[in-house]
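# Secondary and tertiary structure notes
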Amino acid sequence: MYDYDLLVVGSANADLVIGVERRPGAGETVLGSDLAVHPGGKGANQAVAAARLGARTALLARVGDDAHGRLLLDSQRAAGVDTVGVLVGGAPTGVALITVDPSGDNSIVVSPGANGRLTPEDIRSAGCLFQGSRVVSAQLEIPLETVVEAVRNLAPRSRFVLNPSPPRPLPREVLAACDPLIVNEHEAKVILGDSAVGDSPEDWARILLAKGPRSVVVTLGGRGALVASSKGVSRVPALKVDAVDTTGAGDSFTAALACRLGAGESLADAAAYAARVGAATVTRKGAQASFPTAAEVPAP
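All of the points below concern the structure found in this document. (Residues numbered from 1 in each chain as written. Predicted model: local features only at pLDDT ≥ 70, side-chain atom pairs only at ≥ 80, totals over all residues. Heavy atoms only, no water.)

### Here's the deal with the nonpolar core
- Counting residues in each nonpolar core, the largest one holds 42 residues, and the members touching the most others are Leu6, Leu59, Val217, Phe253 and Leu257.
- Among the elements of the structure, β1 (4–9), α1 (42–52), β4 (57–63), α2 (67–79), β12 (225–229), α9 (249–262) and α10 (267–281) are those that each provide at least two residues to this core.
- When near neighbours in sequence (up to four residues on either side) are disregarded, Val217 contacts Pro180, Leu181, Ile182, Val183, Ala225, Leu226, Val227, Phe253, Leu257 and Leu267. (Core = buried A, V, L, I, M, F, W, Y, C linked by side-chain atoms within 4.5 Å. Buried < 20%, exposed > 50% of the residue type's maximum accessible area, 1.4 Å probe, protein only. Helix = DSSP H or I, 4+ residues; strand = E, 2+ residues; numbered from the N terminus. Contact = heavy atoms within 4.5 Å.)

### What about the pattern of salt bridges?
- A full pass over the atoms with the stated rule returns 15 salt bridges.
- A salt bridge links Glu185 to Arg223; the nearest nitrogen and oxygen atoms lie 2.8 Å apart. In this pair, Glu185 sits in helix α7 (residues 185–192) while Arg223 sits in the loop between β11 (215–219) and β12, placing the two residues 38 residues apart along the sequence.
- Its relative accessible area of 26% is what places Glu185 among the partly exposed residues. (Salt bridge = Lys/Arg side-chain N within 4 Å of Asp/Glu carboxyl O.)

### Things to note about empty space enclosed by the protein
- Applying the stated criterion across every chain yields a total of 1 cavity of 30 Å³ or more.
- As for the largest cavity, its lining consists of Ala12, Ala44, Leu59, Val63, Leu72, Leu73, Gln76 and Val86.
- Of all the secondary structure elements, the ones that give two or more residues to the lining of the largest cavity are β4 and α2.
- Sorting elements by how many residues they give to the lining of the largest cavity places α2 first, with 3 residues. (1 Å grid on protein atoms, 1.4 Å probe; cavity = no way out; pocket = protein on both sides within 12 Å on 5 of 7 lines; lining within 4 Å. Points joined across faces, edges and corners; volume = space filled by probe spheres on them.)

### Points about the layout of surface pockets
- Its volume calculated, the second largest pocket comes out at about 240 Å³.
- If you trace the second largest pocket, you find 15 residues lining it, with Val17, Gly19, Val100, Asp245 and Lys285 closest to the centre.
- For the lining of the second largest pocket, the elements supplying multiple residues, two or more each, are β2 (13–19) and β3 (36–40).
- Of the residues forming the lining of the second largest pocket, the biggest block, 3 residues, is contributed by β2.

### Concerning the sheet that holds strand β7 (residues 106–111)
- Within the open sheet, the 4 strands sit side by side as β3-β2-β6-β7. Their pairing is mixed. The strands lining the two open edges of the sheet, one partner per strand, are β3 and β7. Between one strand axis and the next, the sheet turns through 25 degrees on average, direction left out of account.
- Two strands pair when backbone bridges link them, and β2 and strand β6 (residues 94–100) are joined in this way by 7 bridges, in the parallel orientation. (Pairing = 2+ DSSP bridges. Axes fitted to C-alpha atoms, helices over the stretch in contact; angles between N-to-C directions.)

### Details of the state of the cysteines
- Under the defined criterion, the tally for this structure stands at 0 disulfides.
- You can see Cys259 has no disulfide; the closest cysteine sulfur is in Cys178, sitting 17 Å from it.
- The buried category is assigned to Cys259, whose relative accessible area is 15%. (Disulfide = S-S within 2.5 Å.)

### With respect to the pairing of strand β5 (residues 82–88)
- As defined by bridge partners, β4 adjoins β5 across 5 bridges and the pair is classed as parallel. Paired with Leu60 across the bridge in β5 is Gly85.
- In terms of handedness, the path from β4 via α2 over to β5 forms a crossover that is right-handed. (Right-handed = clockwise from strand over helix to strand, strands pointing away.)

### Brief notes about the packing of α1 against α9
- One way to put it is that α1 packs onto α9 with a least axis distance of 8 Å and a crossing angle of 50 degrees. Considered as vectors, α1 and α9 are oriented oblique to each other. Here α1 runs over α9; the crossing is right-handed. Contact with α1, carried on its side by Lys42, Asn45, Gln46, Ala49 and Ala50, involves Asp251, Ser252, Thr254, Ala255 and Cys259 of α9 and no other residues of that element. (Parallel < 35°, antiparallel > 145°, perpendicular 65-115°, else oblique. Left-handed = near helix turned anticlockwise from the far one by under 90°.)

### Section: the packing of aromatic side chains
- Summed over the entire model, instances satisfying the criterion amount to 0 aromatic pairs.
- One residue, Arg260, lies across the ring of Tyr273, its end atom 3.5 Å from the ring centre. (Phe/Tyr/Trp six-rings, centres within 6.5 Å; stacked < 30°, edge-to-face > 60°. Lys NZ or Arg CZ within 6 Å of the ring centre and 35° of its normal.)

In structure tokens form, the structure reads like this:
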């Protein structure tokens, strides 16, 4: 019996958000809206999104002993996330500087702070969390060696889901554990590197799959998603909505996908559900504040 449907190993940041009419060019200054501060970070976002959907969720992360860290802990607990794995201290809480334009597109710069101090030893010390989790999800806003250690500590029947953001080349050991590897178009191209051939997501997915993951999902924004495994490659349609802010949409997609896979759904069905969760997310401002409950997810 698993204690958790999902263990998220990853980052926790304070999101400092400014709305802009357009992004500045090199050497240019533009005026923006008042500063808004929200709890964020890809790991913390995924944990809140999963808990909102009703999954038993735990977060393994590190925050600073500061106001931003307390904001993040409060948001996790309010969503119903178990924070027993959240470590405090070692560096200031990570911060993400986010600009959002009128179309809802965002640009993000992250200062890792305490996220960079989440170590392999922290992973080994949290063995009981890994043994009690049906699915483990990770991202790359924490050190890569910490993600490698997470893979090494998976329980025998646990499933590992990775969103390699920000993207970088991945060791074979990590790729081989991914089921699935979840990438957007930019992340796919970075991971493929010189292996990137063809202009279609289907081509990228097949080449990524050949690098070792058990399955691959390529998210395509307003064009839906694509899933690939040994059973073949198929498209998942998008739900048409009026986007307000895309911040956190990828995190809610990943969390929803991981939860549904843990519940035994097929990759295609889980991705279709995740696409609806992501669509609901972009209709509201902010990251964690925009994540839907299960009752708020649009019907197929």
